[in-house]
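# A closer look at the structure
Chain by chain, the residues:
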Amino acid sequence: EIEMSASAALIAAALLCSSAIAFTPGDPLLANSCSRRGLISWLATAGVTATAPAAVNAVSARTGVASPFTGEYDDPNHPGCLRSVKIVGPKLGTDGRKGRNPIAYVKGVDGLPVGTKSCPAGAVPELTDVWKLEGKVSEDGEMISIDFSPKTEGRVGLLVGTYDTFDPPGILFPDGNKWIKVPGGTPNRRPPSVTLNSD
């Protein structure tokens, strides 16, 4: 589409130049502008202008509190238990280049006491009760991929969730489970003196 527009623009410019030269013969400035080099230079400028809107409309995933995924959640499958997601910048690769996907640090507790599937009000987890997983956010910031295999011994693998803005907002997984975002977080579900940083 851009190539067609540029071609059409080049043809139009050439026609205008021909007309202008016919009316003002011998003008060196006009002759230089309408030379092959002058038209190609103009076309290059037009090409940069034509591609600029695409760059303006490019969307990249946000990190920190700017990401909709960052926050703490209620998991209906584990009522009252910690579910924390923190989105940080991409990691550096072995070649020293920064990756393209933001990293998701996911932490949670499955039940208190251990072996249960819920956390009663007032139950405070120990640091050893908290599992830690890592995932990635898509470049456009629309999806989050979390590998659950380390905590499920492979029974559950990689799950891709989307941020569902329908009330109540939260992370919707393919099995229909939805982690509901808790405004203000759930500090009473965290282990004592732990900020849930990406340690």
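This write-up is about the structure you can find in this document. Note that this is a predicted model, so its numbers are computed, not measured.

## Quick word on the overall build of the protein chain
On a plain count of helices and strands, the protein chain comes out with four helices and eight strands. Along the protein chain, helices and strands appear, N-terminal first, in the series α-α-α-β-β-β-β-β-α-β-β-β. In the protein chain, the share of contacts with a sequence separation of at least 24, taken over all contacts with a separation of at least 6, comes to 50%. Total accessible area on the protein chain is roughly 12500 Å²; 60% of this is exposed by carbon and sulfur atoms.

## Some thoughts on a nonpolar patch on the surface
On the surface, a nonpolar cluster with roughly 250 Å² of combined accessible area is contributed by Met143, Leu158 and Val160. Looking at the element boundaries, Val160 is found in strand E6 (residues 158–164). Of the residues examined, Val160 reaches a relative accessible area of 33% and is grouped as partly exposed.

## Re the sheet that holds E6
Paired through backbone hydrogen bonds, the strands of a sheet run either parallel or antiparallel to each other. The eight strands are arranged E1-E2-E3-E4-E5-E6-E7-E8 in a closed barrel whose pairing can be described as antiparallel. Strand-to-strand twist across the sheet, computed as the mean angle between neighbouring axes with direction ignored, equals 30°.

## Thoughts on the side chain of Asn177
Along the chain, Asn177 turns up in the loop between strand E7 (170–172) and strand E8 (178–181). On the accessibility criterion, Asn177 (12% relative accessible area) is buried. In contact with Asn177, not counting residues within four places along its chain, are Asp75, Pro76, Asn77, Ile171 and Leu172.

## Some thoughts on unusual backbone geometry
Backbone torsion omega between Leu112 and Pro113 reads -5°, so that peptide bond is classified as cis. Structurally, Pro113 can be placed in the loop between strand E3 (103–108) and strand E4 (131–137). Following Asp167, the chain continues to Pro168 via a peptide bond in cis, the omega torsion being -5°. Examined against the element boundaries, Pro168 turns out to sit in the loop between E6 and E7. Positive phi, normally seen in glycine, also occurs at Glu153, with a value near 55°. Mapping Glu153 onto the fold places it in the loop between helix H4 (149–152) and E6.

## Overview of the environment of Ile103
Summarising the element assignment, Ile103 is placed in strand E3. Residues Ile103 and Ile144 lie 41 residues apart in sequence; the distance between their C-alpha atoms is 9.2 Å.

## Structural notes on the pairing of E3
When you tally the buried positions in E3, you get six out of six residues, the bulk of the element. Where burial is concerned, the two faces of E3 agree: the one with Ile103, Tyr105 and Lys107 and the one with Ala104, Val106 and Gly108 are both buried. Bridge count between strand E2 (residues 83–88) and E3: six bridges; the pairing is antiparallel. Paired with Val85 across the bridge in E3 is Val106. The pairing of E3 with E4 spans six bridges and is antiparallel. Its bridge partner lying in E4, Ile103 is registered against Lys136.

What counts and how
Residues numbered from 1 in each chain as written. Predicted model: local features only at pLDDT ≥ 70, side-chain atom pairs only at ≥ 80, totals over all residues. Heavy atoms only, no water. Helix = DSSP H or I, 4+ residues; strand = E, 2+ residues; numbered from the N terminus. Contact = heavy atoms within 4.5 Å. Areas by Shrake-Rupley, 256 points an atom, 1.4 Å probe, with all protein chains shown as cover. Patch = residues over 30% accessible without salt bridge, like charges linked within 9 Å, V, L, I, M, F, W, Y side chains within 5 Å. Salt bridge = Lys/Arg side-chain N within 4 Å of Asp/Glu carboxyl O. Buried < 20%, exposed > 50% of the residue type's maximum accessible area, 1.4 Å probe, protein only. Pairing = 2+ DSSP bridges. Axes fitted to C-alpha atoms, helices over the stretch in contact; angles between N-to-C directions.

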